[in-house]
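Each chain is listed here by its residues.
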Amino acid sequence: MNTLSSKEKDILLNSIRDIQDFPKPGIIFKDITTLLGNPHALNTLMDHLTDRYLNYDLDFIAGIDARGFIFGSILADRLGIGFVPVRKKGKLPYTTVAEKYSLEYGFDEVEIHIDAFGEKKGAKVLLVDDLIATGGTAKAAVNLINKVGAECVEACFIMELGFLNGREGFNTQVYSVLQID
Ligand code: AMP
């Protein structure tokens with residue numbers, strides 16, 4: 001399995017833009033639109049992920065609304081498998097299963113189609129999102145995947161805000177490409 005060289009990590013880190021105080025004061029937003037607009041950086045990232053997951057024998061990639069859709073879809077296409085969206089409440093048109101999770105104030109909810117992984121039980125699924133902060137969204141997504149009869153074998157993030165300890169308490173393995181301190 002390939003590991004990224006420090007030069008490749010720098011290519012990725014330099015392609016992601018920090019936006020101060022977005023969407024509210026005190027937050028440094030990691031903007032991946034600049035990575036998407038940089039074909040060399042995007043290719044470096046997708047080559048790494050393709051190589052890592054080639055031998056996982058996955059059946060599906062599930063991506064979290066909305067940036068997880070982008071990286072997840074590219075990876076699914078490269079691996080020749082299907083893509084499943086995990087969406088914010090009220091966006092999916094067919095029968096859904098929902099999972100609530102806590103925010104700093106209040107709660108949010110994600111949904112998945114009840115038949116997203118087909119008839120066969122135990123489909124092997126990789127969850128993908130751009131960033132893990134507290135981990136609340138991704139943990140809810142892992143629960144959803146398992147609730148509808150599939151098996152989430154790993155949760156994969158492009159970036160991890162390590163100081164928030166979001167990877168603790170996951171029901172699956174966690175992998176992140178870049179650690180942000
Ligand atoms: P959490 O549930 O706290 O792990 O938050 C993860 C979700 O919020 C992901 O879908 C991220 O895209 C988004 N997110 C949280 N913090 C940031 C940040 N600092 N920069 C960019 N996206 C973020």
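Predicted, not measured: the structure shown is a model, and the values here were computed from it. (Residues numbered from 1 in each chain as written. Predicted model: local features only at pLDDT ≥ 70, side-chain atom pairs only at ≥ 80, totals over all residues. Heavy atoms only, no water.)

Caption draft 1: Summary view of the pattern of salt bridges. All chains considered together, the criterion is met by nine salt bridges. Among the ionic pairs, Lys147 bridges to Glu99, the shortest N-O distance being 2.8 Å. Of the two residues, Lys147 sits in helix H5 (residues 136–147) while Glu99 sits in strand S5 (residues 96–102), which places them 48 residues apart along the sequence. What makes Glu99 buried here is its relative accessible area of 15%. (Salt bridge = Lys/Arg side-chain N within 4 Å of Asp/Glu carboxyl O. Helix = DSSP H or I, 4+ residues; strand = E, 2+ residues; numbered from the N terminus. Buried < 20%, exposed > 50% of the residue type's maximum accessible area, 1.4 Å probe, protein only.)

Caption draft 2: Structural detail: the site of the ligand. With respect to spatial proximity, 13 residues lie near the ligand, and among them Arg67, Asp130, Thr134, Gly135 and Thr137 are the closest. A distance of 2.6 Å separates an oxygen atom of the ligand from a polar atom in the side chain of Thr134. The separation between an oxygen atom of the ligand and a polar main-chain atom of Gly135 is 2.7 Å. In isolation the ligand has 490 Å² of accessible area, and contact with the protein removes 82% of it. Most atoms of the ligand, that is more than half of them, are within 2 Å of grid points of the largest pocket. Listed by contribution, the elements that provide at least two residues to the shell around the ligand are strand S2 (28–31), strand S7 (124–132) and H5. With four residues, the top contributor of residues to the shell around the ligand is S7. (Near = heavy atom within 4 Å. Polar contact = N/O pair within 3.5 Å; in protein donor to acceptor, adjacent residues only side chain to side chain. Areas by Shrake-Rupley, 256 points an atom, 1.4 Å probe, with all protein chains shown as cover. 1 Å grid on protein atoms, 1.4 Å probe; cavity = no way out; pocket = protein on both sides within 12 Å on 5 of 7 lines; lining within 4 Å. Sits in = over half its atoms within 2 Å of the grid points.)

Caption draft 3: Examining the packing of helix H3 (residues 39–53) against helix H4 (residues 67–79) more closely. One way to put it is that H3 packs onto H4 with a least axis distance of 10 Å and a crossing angle of 55 degrees. As the angle between them shows, H3 and H4 are arranged oblique. Our pair here, H3 against H4, has a crossing hand that is right-handed. Contacts between H3 and H4 involve Leu42, Asn43, Leu45, Met46, Asp47, Leu49, Thr50 and Tyr53 on the former and, on the latter, Phe71, Ile74, Leu75, Arg78 and Leu79. Residues that form the contact of H3 with H4 fall into these classes: nine nonpolar, two polar and two charged. (Axes fitted to C-alpha atoms, helices over the stretch in contact; angles between N-to-C directions. Parallel < 35°, antiparallel > 145°, perpendicular 65-115°, else oblique. Left-handed = near helix turned anticlockwise from the far one by under 90°. Contact = heavy atoms within 4.5 Å. Nonpolar A, V, L, I, M, F, W, Y, C, P; charged D, E, K, R; others polar.)

Caption draft 4: Layout of the nonpolar core. Of all hydrophobic cores here, the largest spans 30 residues; its most connected members are Leu45, Leu49, Tyr53, Leu58, Ile61, Phe71 and Leu75. Looking at this core, the elements that each hand over two or more residues are H3, H4, S7, strand S8 (151–161) and strand S9 (173–180). Looking at which element gives the most residues to this core, the answer is H3, with six residues. Those residues within four positions of Leu45 in sequence are excluded, and the remaining contacts are Leu12, Leu35, Phe71, Ile158 and Val177. Core analysis: the second largest hydrophobic core is formed by 28 residues, Phe60, Ile64, Val110 and Ile112 among them. (Core = buried A, V, L, I, M, F, W, Y, C linked by side-chain atoms within 4.5 Å.)

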